[in-house]
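Take a look at the letters that make up each chain.
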Amino acid sequence: MMEISMTVNNRNYTEEVEPRMLLVDFLREKLALTGAKVGCDTGQCGSCTILLNGKAVKSCLLLAAQADGADVMTVEGLAVKGRLNHLQEGFQERHGLQCGFCTPGMLMSLTELLNNHVEPSEQQIRTALEGNLCRCTGYQNVIDAVKYAVEKGNSPVKMIVDTPGKQFYQRQVEYLVAGNADALVEDNYNDDAVLTSPEFIVRGKQALKAHFRNYMRWVKIKAVKSTDKFVETDNTVLFEATVVSNYGEAKVYDAFVLRNGRISYHFTGVM
Ligand code: FES
Ligand code: FES
């Protein structure tokens with residue numbers, strides 16, 4: 001027996017292992033992280049793929065002892081606070097799996113790809129999947145899942161922007177990040193628009209411009225980190241968003257009532 005230590009999904013482990021124990025068995029049996037699957041045990045199928053110091057490797061081809069001191073990530077480490085990340089969500093939204101046996105390995109190979117390429121080409125996605133065999137889904141939906149993750153990750157509002165309400169909100173965010181108060185009001189608000197929150201009420205374009213200029217003097221919106229619970233009808237938009245500014249991260253809510261494609265009533269606040 002020998003003692004090894006490694007970080008797995010940002011947690012430190014020290015365990016006694018037999019020198020011949022495979023890394024995949026160590027993860028599954030010693031640490032009860034059963035996400036990595038054993039499909040072939042011979043390095044062919046890729047279902048056991050994990051990240052070892054950021055590199056996608058087949059954990060059935062390594063001894064646990066070879067990962068002593070390493071930083072390991074398994075599929076269990078992908079979700080953030082219990083929420084699927086964009087790639088996992090892409091698999092769900094674009095039907096990237098059927099039985100799911102190959103999925104943990106695919107997710108890890110693709111995580112390495114996305115860590116190194118913000119916008120991979122289809123060929124790069126296909127190449128990244130070369131070591132991962134899937135017997136039931138085929139690869140097209142998996143490629144679509146990666147494209148979903150890329151589009152959502154690169155979107156300024158962290159959504160697939162495929163509706164008028166989402167396009168409107170994206171424009172709103174672009175003006176806020178650019179710090180362009182006048183263009184924001186001119187393009188997105190009606191002359192008689194009302195902006196209100198639990199703390200204030202502002203009415204009319206000139207007052208709105210003054211309000212946003214003052215707001216932007218103090219608050220620098222850097223990015224929208226996520227947009228949740230987005231609902232819209234023809235003339236209303238409602239959502240929550242996690243926004244990053246010079247004051248850190250805040251969860252906000254907004255409701256827009258639109259007339260002729262511009263806001264006539266805007267209710268907003270911090271949760
Ligand atoms: S179980 Fe490791 S490649 Fe198949
Ligand atoms: S989803 Fe079944 S093997 Fe890939």
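Since this is a predicted model, take the numbers as computed values, not measurements.

A. Expanded view of the packing of helix 7 (residues 181-188) against helix 8 (residues 205-218). At their nearest, the axes of helix 7 and helix 8 sit 8 Å apart, and the two run at 145 degrees to each other. For the pair helix 7 and helix 8, the crossing hand works out as right-handed. Between helix 7, through Ala181, Asp182, Leu184 and Val185, and helix 8, the contact on the second element is made entirely by Lys205, Leu208, Lys209, Phe212, Arg213 and Met216. Among the residues forming the contact of helix 7 with helix 8, the class breakdown is 6 nonpolar, no polar and 4 charged.

B. Representation of the sheet that holds strand 5 (residues 71-73). If you trace the 5 strands from one edge of the open sheet to the other, you get 2-1-5-3-4, paired in mixed fashion. Both outer strands of the open sheet, strand 2 (11-17) and strand 4 (55-58), are each paired with one neighbouring strand and no more. When the angles between neighbouring strand axes are averaged without regard to direction, this sheet yields 40 degrees. Note that strand 1 (residues 2-8) and strand 2 share 7 bridges and pair antiparallel. Pairing of Met2 across the sheet is with Val17, part of strand 2.

C. Structural context of helix 1 (residues 23-30). Of all the residues in helix 1, the buried ones are Leu23, Val24, Asp25, Phe26 and Leu27. For helix 1, the secondary structure elements touched by its buried residues are strand 2. Once helix 1 ends, the next one or two residues include Ala32, with phi positive near 60 degrees.

D. Inspection of unusual backbone geometry at higher detail. Notably, Asn9 is not glycine yet its phi reads approximately 50 degrees, a positive angle. Among the structural elements, Asn9 can be located in the loop between strand 1 and strand 2. For Asn53, which is not glycine, the phi torsion reads 50 degrees and is therefore positive. Considering the arrangement of structural elements, one finds Asn53 in the loop between strand 3 (49-52) and strand 4.

E. The pairing of strand 4, seen in detail. Relative to strand 4, strand 3 runs antiparallel, the two sharing 4 bridges. Looking at strand 4, one finds that Ile50 is bridged to Val57. Connecting the antiparallel pair strand 3 and strand 4 is a turn made up of 2 residues, with Asn53 showing a positive phi of about 50 degrees.

F. Examining the packing of helix 2 (residues 86-93) against helix 3 (residues 103-116) more closely. The interhelical angle for the contact between helix 2 and helix 3, taken along N-to-C directions, is 130 degrees, at an axis separation of 10 Å. Taken together, the axes of helix 2 and helix 3 are oblique relative to one another. Helix 2 and helix 3 meet at a crossing whose hand is right-handed. Contacts from Leu87, Gln88 and Phe91 in helix 2 reach Thr103, Leu107, Leu110, Thr111 and Leu114 in helix 3. Of the residues assigned to the contact of helix 2 with helix 3, the class counts are 5 nonpolar, 3 polar and no charged.

G. Layout of the pairing of strand 9 (residues 236-245). As paired elements, strand 8 (residues 221-232) and strand 9 share 8 bridges and run antiparallel to each other. The residue of strand 9 that forms the bridge with Ile221 is Ser245. In the sheet, strand 9 pairs with strand 10 (residues 248-259) via 10 bridges, with the strands oriented antiparallel. Looking at the pairing, Val244 lines up with Glu249 of strand 10.

H. Examining the sheet that holds strand 6 (residues 189-196) more closely. Spatially, 6 strands are ordered 7-6-11-10-9-8 in an open sheet, and the strand pairing comes out mixed. The sheet is open, and its two edges are formed by strand 7 (201-203) and strand 8, each paired on a single side. Shown here is a sheet whose adjacent strand axes are inclined to one another by a mean of 20 degrees, direction ignored. Direction of pairing for strand 10 relative to strand 11 (residues 262-270): antiparallel, over a ladder of 8 bridges. Considered in strand 11, the bridge of Val252 is made with Val270. Docked against the sheet, helix 8 engages strand 6 and strand 7, running at close to 50 degrees with respect to strand 6.

I. Seen up close, the domain arrangement of the protein chain. In terms of domains, the protein chain is made up of domain 1 (2-75), domain 2 (86-154) and domain 3 (164-270). Taken over C-alpha atoms, the centre of domain 2 sits 34 Å from the centre of domain 3.

J. Main features of helix 7. Buried within helix 7 are the following residues: Ala181, Leu184, Val185 and Asn188. Each buried residue of helix 7 lies within a common arc of 100 degrees when the element is viewed along its axis, so the set occupies one face. Of the surrounding elements, those touching the buried residues of helix 7 are helix 6 (164-178), strand 6, helix 8 and strand 11.

Parameters and conventions
Residues numbered from 1 in each chain as written. Chains lettered and ligands numbered in written order. Predicted model: local features only at pLDDT ≥ 70, side-chain atom pairs only at ≥ 80, totals over all residues. Axes fitted to C-alpha atoms, helices over the stretch in contact; angles between N-to-C directions. Helix = DSSP H or I, 4+ residues; strand = E, 2+ residues; numbered from the N terminus. Left-handed = near helix turned anticlockwise from the far one by under 90°. Contact = placed C-beta atoms within 7 Å. Nonpolar A, V, L, I, M, F, W, Y, C, P; charged D, E, K, R; others polar. Pairing = 2+ DSSP bridges. Buried ≥ 20, exposed ≤ 12 C-beta atoms within 10 Å, placed from the backbone. Parallel < 35°, antiparallel > 145°, perpendicular 65-115°, else oblique. Domains from an automatic or database assignment. Arc of directions from axis to C-beta.

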